[in-house]
Amino acid sequence: MQHGKKRKKKSHTKKTTRSPVALATLQTLEPFFAKLFEQFHSSHWIASDPIQYAHRYSKADDREIAAFIAALFAYGSVQLVHRAVAAVLEPMGKSPAQFVRDFDGTNHWKGFYHRFHNEDHVMVLMKLLQLALTQYGSLGELFRQNMEPPAPPKTPGAPASPDSGADRCERVLNGAAHWFQAQAIREVAQLGLPKTGRGMRFFFNAPADGSACKRMVMFLRWMVRSDQIDLGLWKWMSPADLVVPADTHVGRIAYYLRLRGGKEEAAPNWKMAREITESLKVINAKDPVSYDFALARLGILDICKRSYAKSICERCPVEPGCRFSNLEKET
């Protein structure tokens with residue numbers, strides 16, 4: 001960092017042709033990410049995240065349903081997300097899972113609206129959740145049993161390609177998304193709500209469509225990892241198989257830290273999510289998405305600005321790896 005002479009304020013949008021950090025350099029970032037994890041991966045910050053709603057319940061099935069609802073509506077501003085999730089859960093009482101099992105089609109959400117979704121979308125969602133619990137007993141079993149099989153070899157008789165953790169995560173998400181999409185089409189037709197189709201598809205994006213699937217990947221993180229933030233309800237999947245939920249915050253900050261290539265303003269997609277995950281695996285192969293909650297806090301809490309601020313940047317745990325704070329070293 002510069003001292004003495006006052007540094008001219010620069011924009012994060014300065015063009016660069018540098019490629020992502022080399023393997024050896026990523027490995028040197030481990031202690032800085034450890035500090036980031038220690039500082040921000042804490043229940044102290046849980047009120048800033050939709051996972052807070054799942055923590056309000058003690059039973060596993062209630063936590064699973066509440067977390068799924070929280071993830072589905074986790075788009076838009078933080079304030080609007082919290083308002084939407086609270087509005088959907090409030091009529092469901094002390095046991096969201098029991099509410100879903102007993103759901104009789106009554107509209108408890110009249111006037112509900114959250115950007116792409118309204119009360120009709122909530123009604124269809126409740127029918128889908130009821131069907132999921134009836135057929136599988138839990139959302140975890142739905143995701144597990146609908147996981148797509150590994151891709152067959154491109155050449156007949158050739159050995160199967162290695163199935164990476166990200167591949168398994170992709171197959172889990174594709175299978176679950178396709179199940180929900182198919183059931184949503186049927187329920188929309190039965191309820192006579194054709195205008196809800198687009199909104200229901202938005203709920204259940206799939207990696208097969210190129211989507212970053214931020215909300216569903218975040219839900220997987222909540223279900224698979226286990227600590228003071230994540231719930232650890234699904235034992236059949238390993239944290240090493242997870243992919244980072246790449247939203248605008250994580251995508252932008254990952255660019256600053258050279259966890260991905262491309263342009264700063266690139267929209268998150270599945271390719272970007274996998275690239276960031278592979279970079280984080282260099283730092284922590286067994287649990288690469290353990291840093292997701294902390295990285296997202298830098299954006300959600302408006303700590304990481306879009307311009308250099310010495311008083312803020314020099315206190316950032318991962319500042320030594322930031323391409324912007326070290327811009328003068330690159331030019």
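Use the structure listed above.
In this text the structure is predicted, and so the values were computed from the model without any measurement.

Asker: Can you walk me through helix H3 (residues 60-72) in this structure?
Answerer: Along an α-helix, residues three or four apart share an orientation, since each turn contains 3.6 residues. Between its first and last C-alpha atoms H3 spans 18 Å; for 13 residues at 1.5 Å apiece the expected length is 18 Å, and the two agree. Counting buried positions along H3 yields 10 of 13 residues, so the element is predominantly enclosed. Turning to H3, its buried residues number three or more, namely Asp-62, Glu-64, Ile-65, Ala-66, Ala-67, Phe-68, Ile-69, Ala-70, Ala-71 and Leu-72.

Asker: Quick question: what am I supposed to make of helix H6 (residues 119-136) here?
Answerer: Between its terminal C-alpha atoms H6 stretches 26 Å, which fits the 26 Å expected from 18 residues at 1.5 Å a residue. The buried fraction of H6 amounts to 13 of the 18 residues, a majority that puts the element mostly inside the structure. The backbone nitrogen of Asp-120 has a side-chain oxygen 3.0 Å away, supplied by the residue at the start of H6, namely Asn-118. Looking one or two places after H6, you find Gly-137, whose phi comes out positive at around 90°.

Asker: Would you mind going over the packing of helix H8 (residues 165-191) against helix H10 (residues 214-224) with me for this structure?
Answerer: Helix packing geometry: the angle between the two helix axes and the distance between the axes. One can describe the packing of H8 onto H10 by two numbers: an axis separation of 11 Å at closest approach and a directional angle of 115°. Between H8 and H10, the angle is such that the two are roughly perpendicular. As for the relative orientation of H8 and H10, their crossing is right-handed in sense. Where H8 approaches H10, its residues Cys-169, Val-172 and Leu-173 are matched on the opposing element by Met-216, Val-217 and Leu-220. The residue makeup of the contact of H8 with H10, split by class, is 6 nonpolar, no polar and no charged.

Asker: I'm lost on the nonpolar core in this one. Help?
Answerer: As a rule of thumb, nonpolar side chains are buried together in soluble globular proteins. Counting 103 residues, the largest nonpolar core has Phe-33, Phe-68, Phe-73, Met-126, Phe-143 and Phe-219 as its most contacted members. With 11 residues, the single largest contributor to this core is H6. Beyond its immediate chain neighbours, meaning those up to four positions away, Phe-33 contacts Leu-257, Leu-259, Leu-280, Ile-283, Tyr-291, Leu-295 and Val-318.

The rules behind the values
Residues numbered from 1 in each chain as written. Predicted model: local features only at pLDDT ≥ 70, side-chain atom pairs only at ≥ 80, totals over all residues. Heavy atoms only, no water. Helix = DSSP H or I, 4+ residues; strand = E, 2+ residues; numbered from the N terminus. Expected span 1.5 Å × (residues − 1). Buried < 20%, exposed > 50% of the residue type's maximum accessible area, 1.4 Å probe, protein only. Polar contact = N/O pair within 3.5 Å; in protein donor to acceptor, adjacent residues only side chain to side chain. Axes fitted to C-alpha atoms, helices over the stretch in contact; angles between N-to-C directions. Parallel < 35°, antiparallel > 145°, perpendicular 65-115°, else oblique. Left-handed = near helix turned anticlockwise from the far one by under 90°. Contact = heavy atoms within 4.5 Å. Nonpolar A, V, L, I, M, F, W, Y, C, P; charged D, E, K, R; others polar. Core = buried A, V, L, I, M, F, W, Y, C linked by side-chain atoms within 4.5 Å.

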